[in-house]
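# Summary of structural features
Below, each chain spelled out in residue letters.
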Amino acid sequence: VFHNLVDRKRILHLAEQGTGFTDDFHGIRLLTIGRLTRQKRYDVAIQAMALLKETCALPVRWYVLGEGDLRSDLEQQIKAAGLERDFVLLGVQTNPYPYCKQCDIYVHATGFEGKSIAIQEAQTLGKPILATDCSGNREQIVSGRDGLLCPLTPEDISRQLLWMLRHPDDCRRYGAEAQKKAQHH
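To keep things clear, this report deals only with the structure shown in the data block.

What counts and how
- Residues numbered from 1 in each chain as written.
- Predicted model: local features only at pLDDT ≥ 70, side-chain atom pairs only at ≥ 80, totals over all residues.
- Heavy atoms only, no water.
- Pairing = 2+ DSSP bridges.
- Helix = DSSP H or I, 4+ residues; strand = E, 2+ residues; numbered from the N terminus.
- Axes fitted to C-alpha atoms, helices over the stretch in contact; angles between N-to-C directions.
- Salt bridge = Lys/Arg side-chain N within 4 Å of Asp/Glu carboxyl O.
- Buried < 20%, exposed > 50% of the residue type's maximum accessible area, 1.4 Å probe, protein only.
- Polar contact = N/O pair within 3.5 Å; in protein donor to acceptor, adjacent residues only side chain to side chain.
- Lys, Arg positive; Asp, Glu negative; His and termini not counted.
- Contact = heavy atoms within 4.5 Å.

Across the sheet, six strands lie side by side as 3-2-1-4-5-6; this open sheet has parallel pairing. Strands at the two margins of the open sheet, each flanked by one partner only, are strand 3 (87-91) and strand 6 (148-150). Sheet twist, expressed as the average angle between the axes of neighbouring strands with direction ignored, equals 25°. The sheet contact formed by strand 1 (residues 28-33) and strand 2 (residues 60-65) spans six bridges and is parallel. Note that in strand 2 the partner of Ile28 across the bridge is Val60.

Taken as a whole, this structure holds 13 salt bridges when the rule is applied. With a shortest N-O distance of 2.8 Å, Glu16 and Lys101 are connected by a salt bridge. Linking Glu16 in the loop between helix 1 (8-14) and strand 1 with Lys101 in helix 4 (residues 97-102), this pair joins segments that are 85 residues apart in sequence. Between Asp23 and Arg29 there is a salt bridge, and its shortest N-O distance comes to 2.9 Å.

Summarising burial for helix 5 (residues 117-124): seven of the eight residues are buried, a large majority. Regarding helix 5, the residues found buried are Ala118, Ile119, Gln120, Glu121, Ala122, Gln123 and Thr124. Its side-chain oxygen at 3.2 Å from the backbone nitrogen of Ala118, Ser116 defines the N-terminal cap of helix 5.

Take the side chain of Glu121 next. By the secondary structure assignment, Glu121 is in helix 5. Although Glu121 is buried, it forms no salt bridge, and the closest oppositely charged side chain is Arg10 at an N-O distance of 6.3 Å. Beyond its immediate chain neighbours, meaning those up to four positions away, Glu121 contacts Ile11 and Tyr97.

Next up, the structure:
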């Protein structure tokens, strides 16, 4: 097995370049980076965000960096759920790192995964991560130590995100542990 190599110094440098988020949102930013494909299960993420909005009084917005053949389907699902302001498809950005640096929680809710470069990048930037419990993700995150793993259901994802939002100290600890782990890979 040849694992993806991540250039830590380059990521940290690029995270300081560019602007990142340009909206005037002052709440909690969730971020997912990945192609808009079935494997990435954005349909579940959209449903999870709808549930989170019902249970969370805090202002939360979920952003997605990526492009793909599901864009129009996902836009329809977002509109049907009334989440046009809450679940935002940003398209492809040449430098995703400022966005990752500025987000509060990195979410990786996939159906299946190899070793995720996006998780490694979020770890490098010291982000708390919520990922679905599948092979690949399971090999990169120790749930409860440097992130959280959960089943791929809207209910579980929204419940875990709500827990993370209510426990910012734990999230900071996850991010710090993730960053330590990234330094040794």
